[in-house]
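Summary of structural features
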Amino acid sequence: MKIHLVGGFLGSGKSTAILKAARLLVEQQTRVGIITNDQGKHLVDTAFFRAQDFPALEVTGGCFCCHFNDLSEQIEKITTQYNPDVIFAESVGSCADIVATVVKPLQELRGDLGEAASYSVFVDVRLLERFLLDQEMPFSEDVAYIFAKQIEEAGILIINKIDLLDAQRVQQVAEMAAVRYPQAAILLQNSLDEQDVALWLSLIGEKRDLLRLKSLSIDYDRYASGEQKMAWIDKHYRLDVLNSENRDTLADIVIAIAQAVDHEQRIAGHLKFHIQTDGSNIKVSVPTMQEIDDVFITQVRAQVANLKSGATEMWINALLVGTVERLESLIAGIVKEKTDQTDLTVTEMESFTRTPGYPKPTHRIE
Ligand SMILES: Nc1nc2c(ncn2[C@@H]2O[C@H](COP(=O)(O)OP(=O)(O)OP(=O)(O)O)[C@@H](O)[C@H]2O)c(=O)[nH]1
Ligand SMILES: [Mg+2]
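Here the structure is a predicted model, which means the values were calculated and not measured. (Residues numbered from 1 in each chain as written. Chains lettered and ligands numbered in written order. Predicted model: local features only at pLDDT ≥ 70, side-chain atom pairs only at ≥ 80, totals over all residues. Heavy atoms only, no water.)

1. Points about the overall build of the chain
- Looking only at helices and strands, the chain has 12 helices and 12 strands in total.
- A compact globule built from 366 residues would reach a C-alpha radius of gyration of about 21 Å, and the chain, at 20 Å, matches this within 12%.
- For the C-alpha atoms alone, the extent of the chain along its principal axes is close to 60 × 45 × 40 Å.
- Looking at the chain as a whole, 58% of its 366 residues qualify as buried.
- Carbon together with sulfur atoms contributes 47% to the accessible area of the chain, which is approximately 15,000 Å² in total.
- Considering the chain, the positive charge centre built from 36 side chains and the negative charge centre built from 53 side chains are found 2 Å apart. (Helix = DSSP H or I, 4+ residues; strand = E, 2+ residues; numbered from the N terminus. Rg over C-alpha atoms; globule rule 2.2 N^0.38 Å. Buried < 20%, exposed > 50% of the residue type's maximum accessible area, 1.4 Å probe, protein only. Areas by Shrake-Rupley, 256 points an atom, 1.4 Å probe, with all protein chains shown as cover. Lys, Arg positive; Asp, Glu negative; His and termini not counted. Charge placed at Lys NZ, Arg CZ, Asp CG, Glu CD.)

What follows is the structure in structure tokens.
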């Protein structure tokens with residue numbers, strides 16, 4: 001059994017690449033299990049993988065580092081239940097110091113892993129370009145500190161979303177990254193492209209010595225301060241009953257929330273929607289750098305148009321720079337305003353919010 005840990009900033013493309021890789025492995029008769037991780041209780045990512053028929057377990061309520069025993073338990077559980085040949089474990093995107101707190105403890109405390117494991121760090125090429133050129137980042141310095149530390153500890157660095165930047169600039173970013181991060185094997189990737197993901201799979205499938213990864217030198221006060229600039233909102237709604245007349249209202253809600261977050265505080269983090277009806281489901285993703293433009297709006301409307309009519313459930317996960325109170329009132333206000341105008345009844349089933357606490361890893365190995 002192989003474990004591939006996947007980290008990197010919020011919205012950098014981890015789940016997208018894992019899903020493509022998992023599909024490729026299944027085509028080769030390889031059994032795959034996935035472990036997701038986030039701050040909340042009902043994770044859009046878990047629902048997303050399960051909706052594609054992959055066994056997915058989760059570590060909720062915080063990161064792998066601070067819930068190491070939960071991660072270990074989920075590895076046991078997924079192994080017992082599904083006997084996978086390969087496990088992907090995706091860590092929460094606001095998490096750093098994974099080598100010292102997850103990779104090394106996994107190796108030292110769970111000797112069975114041996115070298116059959118890898119740790120990849122994903123980064124959006126457009127954010128990396130800004131960072132390496134010392135340009136303004138779309139979030140505060142403390143949050144940029146987490147972004148920087150994630151890359152610094154990468155043994156395998158996936159510079160992702162290369163389809164969204166001019167090829168020459170991508171090349172320049174790769175050259176700058178090679179100089180700045182000589183420890184890392186760097187891969188340029190478009191995770192929407194099967195061939196690119198196949199290359200990533202073959203890189204992480206090689207026998208790699210994770211022990212050569214160095215634990216970070218990291219200031220936990222700054223790390224904590226970055227995490228505490230973020231608010232986590234986890235909401236579950238039931239919609240009665242989606243039909244051709246009120247379908248636009250659902251798309252309007254999703255679009256209006258994305259627009260409001262963009263307008264008020266720029267999108268810094270990741271806002272995700274998972275919408276499910278009997279026999280159909282969609283994920284709408286609004287990561288840092290996402291333009292809420294006509295293309296985005298048309299895509300959301302097309303996705304919603306493909307949902308089957310009937311009783312519908314919607315989960316919203318937001319891990320965004322901002323305060324819990326503001327984000328919550330913004331989402332609640334939009335849902336109320338949009339549904340007041342139509343016959344779509346939206347009932348809030350559950351709401352969970354939190355500001356990440358001070359990170360206290362279960363283990364830390366220098
Ligand atoms: N154009 C393009 N879009 C991508 C690529 N990789 C991911 N995306 C999109 O980026 C958005 C975020 O992708 P996810 O895979 O959910 O990102 P993530 O890193 O798992 O996000 P978190 O789990 O919230 O940290 C989605 O809309 C993806 O379709 C890529 O290589 N190119
Ligand atoms: Mg994800």
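2. Some remarks on the coordination of the magnesium ion (ligand 2)
- Within the first shell, the magnesium ion (ligand 2) binds the protein through Ser15 (OG), Asp45 (OD) and Glu90 (OE), at distances of 2.1 Å.
- Mapped onto the sequence, the residues coordinating the magnesium ion (ligand 2) show the spacing S-x29-D-x44-E. Taken together, the positions of Ser15 in helix 1 (residues 14–27) and Asp45 in helix 2 (residues 44–51) put the pair 30 residues apart, joining distant regions of the chain. Per residue, the accessibility class of Ser15 equals that of Asp45, and both read buried. (Donors = N, O, S within 2.8 Å, 3.2 Å for Na, K, Ca; no water.)

3. Points about the environment of Ala22
- When you line up the elements, Ala22 lands in helix 1.
- Remark: the alpha-carbon pair of Ala22 and Val197, spanning 175 residues in sequence, is separated by 9.9 Å.

4. Side note on the sheet that holds strand 4 (residues 86–90)
- Strand order in the open sheet formed by seven strands is 3-2-4-1-5-6-7, and the pairing between neighbours is parallel. A single partner strand is all that each edge strand has here, and the edge strands are strand 3 (56–59) and strand 7 (185–188). Adjacent strand axes in the sheet meet at a mean angle of 20° when their direction is disregarded.
- Of the pairings in the sheet, the one linking strand 6 (residues 156–160) to strand 7 comprises four bridges and is parallel in character. Within strand 7, the residue paired with Ile156 across the bridge is Ala185.
- Strands in contact with helix 2 are strand 2 (32–37), strand 3 and strand 4; relative to strand 3, the strand with the most contacts, it is inclined by about 170°.
- Sitting on the sheet, helix 5 (residues 125–132) is in contact with strand 5 (117–124) and strand 6, with an inclination near 75° to strand 5. (Pairing = 2+ DSSP bridges. Axes fitted to C-alpha atoms, helices over the stretch in contact; angles between N-to-C directions. Contact = heavy atoms within 4.5 Å.)

5. Here we look at the layout of surface pockets
- Each pocket or cavity is described by its volume, and for the second largest pocket that value is around 170 Å³.
- Residue classes in the lining of the second largest pocket are distributed as three nonpolar, three polar and four charged. (1 Å grid on protein atoms, 1.4 Å probe; cavity = no way out; pocket = protein on both sides within 12 Å on 5 of 7 lines; lining within 4 Å. Points joined across faces, edges and corners; volume = space filled by probe spheres on them. Nonpolar A, V, L, I, M, F, W, Y, C, P; charged D, E, K, R; others polar.)

6. Focus: the domain arrangement of the chain
- The domain architecture assigned to the chain consists of domain 1 (2–226) and domain 2 (230–354).
- Relative placement of domain 1 and domain 2: their C-alpha centres are 26 Å apart.
- Contact with domain 1, which involves 31 residues of that partner, is made by 22 residues of domain 2.
- Carbon and sulfur atoms supply 60% of the area buried between domain 1 and domain 2, which totals about 2,200 Å² over both sides. (Domains from an automatic or database assignment. Buried area = accessible area lost by both parts, 1.4 Å probe.)

7. Considerations on the packing of helix 1 against helix 2
- It is at 11 Å that the axes of helix 1 and helix 2 come closest, and there the two elements cross at 20°. In terms of orientation, helix 1 and helix 2 fall into the roughly parallel class. When the axes of helix 1 and helix 2 are compared, the crossing they make is right-handed. Residues Ser15, Ile18 and Leu19 of helix 1 touch helix 2, and the partners they reach there are Asp45, Phe48 and Phe49.
- Of the residues belonging to the contact of helix 1 with helix 2, the class tally is four nonpolar, one polar and one charged. (Parallel < 35°, antiparallel > 145°, perpendicular 65-115°, else oblique. Left-handed = near helix turned anticlockwise from the far one by under 90°.)

8. Quick word on the sheet that holds strand 9 (residues 269–277)
- Across the sheet, which stays open at both edges, the five strands sit in the order 10-9-11-8-12 with antiparallel pairing between neighbours. One side of each edge strand has no neighbouring strand; the edge strands of this open sheet are strand 10 (280–287) and strand 12 (345–354). When the angles between neighbouring strand axes are averaged without regard to direction, this sheet yields 10°.
- The sheet contact formed by strand 8 (residues 230–242) and strand 11 (residues 310–321) spans 11 bridges and is antiparallel.

9. Overview of the packing of helix 5 against helix 7 (residues 167–180)
- In contact at an axis separation of 10 Å, helix 5 and helix 7 are set at 60° when each is read in the N-to-C sense. The orientation of helix 5 relative to helix 7 falls into the category oblique. Here helix 5 and helix 7 pass one another in a crossing that is left-handed. The segment helix 5 lies against helix 7, with Val125, Leu128, Glu129, Phe131 and Leu132 engaging Arg169, Val170, Val173, Met176, Ala177 and Arg180.
- When its residues are assigned to classes, the contact of helix 5 with helix 7 shows eight nonpolar, no polar and three charged.

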